[in-house]
Amino acid sequence: MKLAFFDTHGFDRKAFDQANSMWQHEITYFEPRLRHATAQLAKGFDAVCAFVNDRIDRDTIQLLKQEGIRILALRSAGFNQVDMKAAHEFDLPVVRVPEYSPYAVAEHAVALILTMNRRIHRASNRVRELNFSLDGLVGFDLHGKTVGVIGTGRIGQVFARIMQGFGCQLLAYDAWPKPELSQQLNLRYVPLQELLAQSDIISLHVPLSPETHHMIDEAAFQSMKPSVVLVNTSRGGLVKTSALLQALKSGQIGFAALDVYEEEEGIFFHDMSESGVQDDVLARLTTFPNVLITAHQAFLTHEALANIANTTLSSLRAFEHNEPLVHQVQLRS
Ligand code: NAD
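Figured I'd write up the structure that's included with this text. Every chain is numbered on its own, with residues counted from 1 as its sequence reads. Totals for whole chains, interfaces and linings use every residue, but because this is a predicted model, local features are given only for residues with pLDDT of at least 70 and side-chain atom pairs only at 80 or more, for both listing and counting. Computation of side-chain values covers all heavy atoms of the structure but excludes hydrogens and water.

### Structural notes on the overall build of the protein
How we decide: Every helix listed is a DSSP run of H or I at least four residues long, and every strand listed is a run of E at least two residues long, numbered separately from the N terminus. Within these notes, the globule rule equals 2.2 Å times the number of residues to the 0.38 power, and the radius of gyration is based on C-alpha atoms. Exposure is judged per residue with a 1.4 Å probe applied to protein chains only, and the accessible area is read against the type maximum: over 50% gives exposed, under 20% gives buried, and values in between give partly exposed. Contacts are assigned to residue pairs that have any heavy atoms within 4.5 Å of one another. For accessible areas, the Shrake-Rupley method is used with a probe of radius 1.4 Å. Any residue's cover is judged against the shown protein chains and nothing else. His is not counted here, nor are the chain ends, while Lys and Arg score as positive and Asp and Glu score as negative. Charged groups are reduced to one reference atom each: NZ for lysine, CZ for arginine, CG for aspartic acid, CD for glutamic acid.
Looking only at helices and strands, one finds 12 helices and 12 strands in the protein. Here the C-alpha atoms of the protein give a radius of gyration of 21 Å, agreeing with the 20 Å that 2.2 N^0.38 yields for 333 residues. The buried share among the 333 residues of the protein stands at 51%. Within the protein, contacts between residues separated by at least 24 positions form 67% of all contacts whose residues are at least 6 apart in sequence. Accessible surface, the protein: about 16,000 Å² in total, of which carbon and sulfur atoms supply 50%. In the protein, which carries 30 positive and 37 negative side-chain charges, the distance between the mean positions of the two groups comes to 3 Å.

Written out as structure tokens, the structure reads:
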């Protein structure tokens, strides 16, 4: 098949080129993100492959169909960037990679917690400047702390298991609790409000949807312990950033560790060290010593990239051969 890849970067080109030696698709990599203004690049291709910050709205889908695109392949687990109603209406099947490595994302969440808590980033910078003082680097033991896991799906479960290994007490919230996890992971499902109020660390692992959009807002911050560590490796839109800023300014929370940001589109994945960023909120966030931000890299392991490439290319091969699409996104997935 002739595949048009949007929003491509060196790391995914390498992984897809390696995987494609087996699948033999004809791949063209485009740098621009997929949106209505760039969708015409897909003319003459059979399929489009998109990433997390592409904007695949109704107009884009309509144009893709007009240009002859027969399937949309997301090289991500989340599909909040797609208007699924429109995709259904225009008969454009959408496939995704529901599970490529829950370990990659969960381990990154833990890396953020450890880095933030023990100030590893600050300590490393100090030592490079031959400053060997320890003032300001005091952390806390994770052992015995209460960790709130919001979303006990694939990633949330791996995260919970790792935190259990540290000797933490686990609280969980999920719209569809899995009772068997209570015993397996020694976690206790509680209402969201109780989790927010009792946790020393809160980690978000639910997908972004109309129901979860801004689930961490002013009221949620007010419920949290003032020392809480909030970790978001899921989607930026789960946290209302203006409320986060307010909570940081007023000392309402201890730390925020973010791999995703509400307005990351057009910023994350790009080198802006020469141009600077126009986003004042992001710029302000980076000034807090108790905020740690990575640019949506939780998925970025060799294993995850190889799985993303193989799953995506095999879904497209299945489509080409009229075989069942096991990773198709259903309208109400
Ligand atoms: P999953 O589908 O296995 O688990 C999601 C969990 O959230 C499920 O247990 C589900 O019941 C729960 N849930 C769904 N809607 C809810 C709601 N309204 N309220 C409460 N609970 C709800 O997904 P996963 O594989 O664990 O991935 C979780 C999210 O992580 C993805 O949706 C994606 O946004 C994000 N992610 C981020 C990266 C990254 O690089 N930062 C990489 C992969 C995935």
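### Quick notes on the packing of helix α4 (residues 102-118) against helix α6 (residues 154-165)
Each pair of packed helices can be summarised by the angle the axes make with each other and by the distance between the axes. Put simply, the rule is: All axes here are fitted lines through C-alpha atoms, helices being fitted over the stretch that makes contact, and every angle between N-to-C directions spans 0 to 180 degrees. Geometric relationships in this document are graded by angle, where less than 35 degrees denotes roughly parallel, more than 145 denotes roughly antiparallel, 65 to 115 denotes roughly perpendicular, and other angles denote oblique. Rotating anticlockwise by less than a right angle from the far helix to the near helix defines a left-handed crossing, while the corresponding clockwise rotation defines a right-handed one. Ten residue types, Ala, Val, Leu, Ile, Met, Phe, Trp, Tyr, Cys and Pro, are classed as nonpolar, four, Asp, Glu, Lys and Arg, as charged, and the remainder, Gly among them, as polar.
For the pair α4 and α6, interaxial distance at closest approach is 8 Å and the crossing angle is 50°. Classified by the angle between their axes, α4 and α6 sit oblique to one another. As α4 packs across α6, the resulting crossing turns out to be right-handed. Across from P102, Y103, V105, A106, E107, A109, V110 and I113 in α4, the residues of α6 making contact are R154, I155, V158, F159, I162 and M163. Tallied by class, residues from the contact of α4 with α6 come to 12 nonpolar, no polar and 2 charged.

### What about a nonpolar patch on the surface?
For clarity, the cut-off: Note that patches include only residues with greater than 30% relative accessible area and no salt bridge, and the join distances are 9 Å for like charges and 5 Å for nonpolar side chains (Val, Leu, Ile, Met, Phe, Trp, Tyr). Criterion for a salt bridge: a side-chain nitrogen of Lys or Arg within 4 Å of a carboxyl oxygen of Asp or Glu.
On the surface, V127, L130 and F132 cluster together into a nonpolar patch covering about 340 Å² of accessible area. Considering the arrangement of structural elements, one finds V127 in helix α5 (residues 120-128).

### Regarding the environment of I267
Relative to the helices and strands, I267 resides in the loop between β11 (255-258) and α11 (280-285). Residue classification places I267 among the buried residues on the basis of a relative accessible area of 15%. Separated by 11 residues in the primary sequence, I267 and Q278 have C-alpha atoms spaced 9.3 Å apart. Setting aside chain neighbours within four positions, we find I267 in contact with M272, V277, D279 and L282.

### Regarding the sheet that holds strand β5 (residues 94-95)
How we decide: Pairs of strands are assigned from DSSP output, requiring at least two bridges between the strands.
What the 5 strands build is an open sheet, ordered β2-β1-β3-β4-β5; its pairing is parallel. Among the strands making up the open sheet, the edge pair consists of β2 (26-29) and β5. Two strands pair when backbone bridges link them, and strand β4 (residues 71-74) and β5 are joined in this way by 2 bridges, in the parallel orientation. For L72, the partnering residue across the bridge sits in β5 and is V94. Lying on the sheet, helix α12 (residues 302-320) is in contact with β1 (2-5), β2, β3 (47-50), β4 and β5; it crosses β4 at an angle near 165°.

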